[in-house]
Amino acid sequence: MSATDDELTGLHNRRNLFLTLRRQITYVNEKKSSLALLVADIDGLAAMNNAYGFEFGDKVLQHVALQLQQVARAHDFVARIGDDRFAIILPGIMNKGHAELAAQKLLRLLHLPFESNKARVKVGVTIGVALCPSHATHGDTLLRMAEQALVSAREAGEHLLFAPDANQNADRTEFWDLEIELAGAQQRGELAMHYQPKVDCATLKPIGAEALMRWNSRSRGLVPADLFIPVAERTGQIKALTLWAMNTALRQAGKWKHAFGKLSVAVNVPADLVVAHDLPELVQNALNLWHSDRVQLALEITERSLVVAPEVSFKVLSHIRDMGVKVSIDDFGTGYSCLAYFKNIPADELKIDKSFVTGLLEDPASAEITQLIIYMAHRFGMSVVAEGVENEPTLRALQERQCDVVQGYLVGKPMSNEAFQMWLDAAGGVRPEVPKDMFPPDLRLDI
């Protein structure tokens with residue numbers, strides 16, 4: 001242990017964190033990559049010291065330090081930066097969701113009570129997160145924003161909050177207007193389902209599609225999904241939208257005309273619904289209403305859905321699979337999922353995060369991760385989908401690695417239900433008059 005390490009926990013101290021953070025941010029700015037800074041504060045440490053003594057409090061600090069080290073990857077940096085405050089630098093993250101998975105893993109590890117000297121307590125933490133370059137491009141500012149997010153989380157009674165985006169506070173009115181408009185979008189007929197084709201990686205035969213919701217607002221025009229879906233989640237509208245999407249996708253898929261046997265239609269389900277005990281009943285109601293022997297329903301969930309409350313989500317998803325519905329884990333490969341999940345994971349399919357697929361040809365690490373996911377999935381009886389496939393060299397690389405299914409602009413962009421029917425006709429040898437911009441120019445289906 002060096003003189004600059006924390007003596008109690010063996011972690012780096014605040015000074016070391018500052019030095020490393022500044023060095024890492026310089027690298028991020030030069031390489032145009034990204035990193036996340038998580039700051040975690042122990043809830044009620046002073047009360048534990050008063051109730052059980054300072055020796056017990058020290059053991060709690062050591063316990064939290066150990067859990068942080070369990071979360072950290074080999075190149076992450078963990079430090080104790082205050083009496084009851086810790087930080088972890090996560091370089092090389094692909095997106096905000098990766099940082100959230102790391103934070104959720106820490107919360108999950110601390111879920112079990114800590115016991116020492118006959119005292120047994122639930123150790124809670126509050127976490128604030130800031131991203132570089134999204135929230136700040138200087139170390140001091142990034143740390144300050146992460147700590148401010150922590151304070152806001154505690155005031156709101158939340159365990160985890162991200163620093164606000166630069167325009168978030170100035171956009172309150174826009175948020176409320178969007179929420180009000182979204183509430184009536186379904187009744188006004190502004191919502192529609194689009195479908196992105198999925199094909200067999202080896203034969204390029206169509207095997208199904210991912211159903212994606214689109215909102216064409218009467219006043220705003222086409223509203224991006226990454227704008228209105230978070231609004232729906234924060235305002236409690238996501239359940240109704242998901243049920244509408246599931247019923248609409250099943251109804252439309254049942255009318256597709258093709259000669260490809262049973263096609264799958266995958267509907268995205270948010271994490272909050274995956275832990276809802278009534279999800280199996282809602283899925284069964286949709287199946288009863290729109291059952292078709294030519295359609296295989298699949299639910300796409302994120303890794304986060306498994307990490308937040310695995311004891312609940314595993315049970316719910318297992319029940320759904322018993323109903324004959326497939327389960328697909330979207331954006332797989334972030335690095336924070338426990339490999340032990342593979343032996344019990346209630347899923348039929350893994351979708352490799354497209355950040356790895358797009359880097360497959362140039363980035364050795366992405367290639368290794370892709371190969372590992374395919375190998376592990378096959379060992380445990382799951383198929384693998386690679387999304388974000390945009391060119392033939394990437395397709396050939398995935399074929400060499402025995403990937404099962406591909407999805408991306410090389411095959412087809414998301415398209416309306418009518419356009420998807422035309423795509424199926426074209427894939428089956430029927431060549432109707434199709435607008436030139438209906439399909440990307442590099443579409444190839446050698447069936």
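As shown above, the structure is provided for reference.
Focus: the overall build of the protein
Moving on, step 1. When you go through the protein residue by residue, the secondary structure sums to 16 helices and 17 strands.
Moving on, step 2. Relative to its 447 residues, the protein shows a buried fraction of 52%.
Moving on, step 3. Look at the contacts in the protein between residues 6 or more apart in sequence, and 69% of them connect residues 24 or more apart.
Moving on, step 4. Of the roughly 21,500 Å² that the protein leaves accessible, carbon and sulfur atoms contribute 51%.

Section: the pairing of strand 11 (residues 263-268)
Two faces, one strand: in a regular strand the side chains alternate between the faces of the sheet.
Moving on, step 1. A large share of strand 11 lies buried, amounting to five of its six residues.
Moving on, step 2. Taken together, the four bridges between strand 9 (residues 206-217) and strand 11 define a ladder with parallel strand orientation. When the bridges of strand 11 are listed, A209 appears paired with V265.

A short note on the side chain of N13
Moving on, step 1. Following the sequence through the fold, N13 ends up in the segment before helix 1 (14-31).
Moving on, step 2. Side-chain polar atoms of N13 contact the backbone nitrogen of R15, separated by 3.3 Å.
Moving on, step 3. Within the structure, the side chain of N13 is placed 2.9 Å from the backbone nitrogen of N16, a separation counted as a polar contact.

Remarks on the packing of aromatic side chains
Any pair of aromatic rings gets described here by the distance separating the centres and the angle formed by the planes.
Moving on, step 1. Applying the stated rule across the entire model yields seven aromatic pairs.
Moving on, step 2. Between the aromatic rings of F56 and F114, the centroid separation amounts to 5.8 Å while the plane-to-plane angle is 50°, which identifies the pairing as tilted. Taken together, the residues span a long stretch of sequence, with F56 in helix 3 (residues 54-71) and F114 in strand 4 (residues 114-116) at a distance of 58 residues. The same class applies to F56 as to F114, namely buried.
Moving on, step 3. Between F420 and W423, the ring centres sit 5.6 Å apart and the planes meet at 10°, which makes this aromatic pair stacked. With F420 and W423 both in helix 16 (residues 417-427) and three residues apart, the pair spans about one turn of that helix. Neither residue differs from the other here; F420 and W423 are each classed as buried.
Moving on, step 4. What links up through ring pairs into an aromatic cluster is the set Y195, W256, F420 and W423.
Moving on, step 5. Above the face of the F162 ring, K96 is positioned so that its terminal group lies 4.6 Å from the ring centre.
Moving on, step 6. The ring centre of Y409 lies 5.2 Å from the NZ or CZ of K413, which sits over that ring.

Some words on helix 2 (residues 45-52)
Moving on, step 1. Buried within helix 2 we find L45, M48 and N49. Angularly, the buried residues of helix 2 cover 100° about the axis, an arc narrow enough to put them on a single face. In helix 2, the exposed positions that point more than 90 degrees away from the buried face belong to A46, A47, N50 and A51.
Moving on, step 2. Those residues of helix 2 that are buried lie in contact with strand 1 (35-42), helix 3 and strand 5 (119-121).
Moving on, step 3. In the segment just after helix 2, G53 is the residue with positive phi, at about 100°.

Regarding the pattern of salt bridges
Moving on, step 1. As enumerated under the stated definition, the model contains 19 salt bridges in all.
Moving on, step 2. Of the charged contacts in the structure, one is a salt bridge between E300 and K351, with a shortest N-O distance of 3.0 Å. In this pair, E300 sits in strand 12 (residues 295-302) while K351 sits in strand 14 (residues 349-352), placing the two residues 51 residues apart along the sequence. For the pair formed by E300 and K351, the shared burial category is buried.
Moving on, step 3. Because the salt bridges share partners, they merge into one network encompassing R14, D41, D43, R85, E147 and R154.

Considering the environment of A87
Moving on, step 1. Tracing the backbone through its elements, the reader meets A87 in strand 3 (residues 85-91).
Moving on, step 2. Put simply, A87 and R14 are 73 residues apart on the chain and 8.7 Å apart in space, counted from C-alpha to C-alpha.
Moving on, step 3. Dropping the residues within four chain positions of it, A87 is found in contact with L17, L37, L38, V39, F77, V78, A79 and I81.

Here we look at the packing of helix 8 (residues 238-253) against helix 10 (residues 279-290)
Moving on, step 1. Contact geometry for helix 8 and helix 10: axes closest at 9 Å, N-to-C directions at 30°. By the angle between their axes, helix 8 is roughly parallel relative to helix 10. Relative to helix 10, helix 8 is oriented so that their crossing is right-handed. Every residue of helix 10 that contacts helix 8 at K239, L243, M246, N247, L250 and R251 is listed here: L282, V283, A286, L287, L289 and W290.
Moving on, step 2. In the contact of helix 8 with helix 10, the residues fall into nine nonpolar, one polar and two charged.

Re the nonpolar core
Moving on, step 1. Grouped together as the largest cluster of nonpolar side chains are 79 residues, with contacts concentrated most on V265 and L297.
Moving on, step 2. The biggest single contributor to this core is helix 8, with eight residues.
Moving on, step 3. Dropping the residues within four chain positions of it, V265 is found in contact with Y195, A209, A211, A249, L250, A253, W256, V295, Q296, L297 and A298.

Side note on the sheet that holds strand 7 (residues 160-162)
Moving on, step 1. Taken in spatial order, the five strands line up as 2-3-1-6-7 in an open sheet, and their pairing is mixed. The open sheet terminates on both sides in strands that have one partner only, identified here as strand 2 (77-80) and strand 7. Each strand axis lies, on average, 15° off the axis of its neighbour in the sheet, ignoring direction.
Moving on, step 2. As defined by bridge partners, strand 2 adjoins strand 3 across four bridges and the pair is classed as antiparallel. By the bridge assignment for strand 3, V78 is matched with I88.

Thoughts on helix 4 (residues 96-109)
Moving on, step 1. With 14 residues, helix 4 extends 20 Å from end C-alpha to end C-alpha; this agrees with the ideal 20 Å at 1.5 Å per step.
Moving on, step 2. Among the residues of helix 4, those classed as buried are H98, A99, E100, L101, A102, A103, Q104, K105 and L106.

Section: the packing of helix 10 against helix 12 (residues 310-322)
Moving on, step 1. Taken N-terminus to C-terminus, the directions of helix 10 and helix 12 make an angle of 20°; their axes are 9 Å apart at the nearest point. By the angle between their axes, helix 10 is roughly parallel relative to helix 12. Between helix 10 and helix 12 lies a crossing whose hand is right-handed. For the pair helix 10 and helix 12, contact is made by L279, P280 and V283 and by V316, H319 and I320, respectively.
Moving on, step 2. A per-class count over the contact of helix 10 with helix 12 returns five nonpolar, one polar and no charged.

Criteria and cut-off values
Residues numbered from 1 in each chain as written. Predicted model: local features only at pLDDT ≥ 70, side-chain atom pairs only at ≥ 80, totals over all residues. Heavy atoms only, no water. Helix = DSSP H or I, 4+ residues; strand = E, 2+ residues; numbered from the N terminus. Buried < 20%, exposed > 50% of the residue type's maximum accessible area, 1.4 Å probe, protein only. Contact = heavy atoms within 4.5 Å. Areas by Shrake-Rupley, 256 points an atom, 1.4 Å probe, with all protein chains shown as cover. Pairing = 2+ DSSP bridges. Polar contact = N/O pair within 3.5 Å; in protein donor to acceptor, adjacent residues only side chain to side chain. Phe/Tyr/Trp six-rings, centres within 6.5 Å; stacked < 30°, edge-to-face > 60°. Lys NZ or Arg CZ within 6 Å of the ring centre and 35° of its normal. Arc of directions from axis to C-beta. Salt bridge = Lys/Arg side-chain N within 4 Å of Asp/Glu carboxyl O. Axes fitted to C-alpha atoms, helices over the stretch in contact; angles between N-to-C directions. Parallel < 35°, antiparallel > 145°, perpendicular 65-115°, else oblique. Left-handed = near helix turned anticlockwise from the far one by under 90°. Nonpolar A, V, L, I, M, F, W, Y, C, P; charged D, E, K, R; others polar. Core = buried A, V, L, I, M, F, W, Y, C linked by side-chain atoms within 4.5 Å. Expected span 1.5 Å × (residues − 1).

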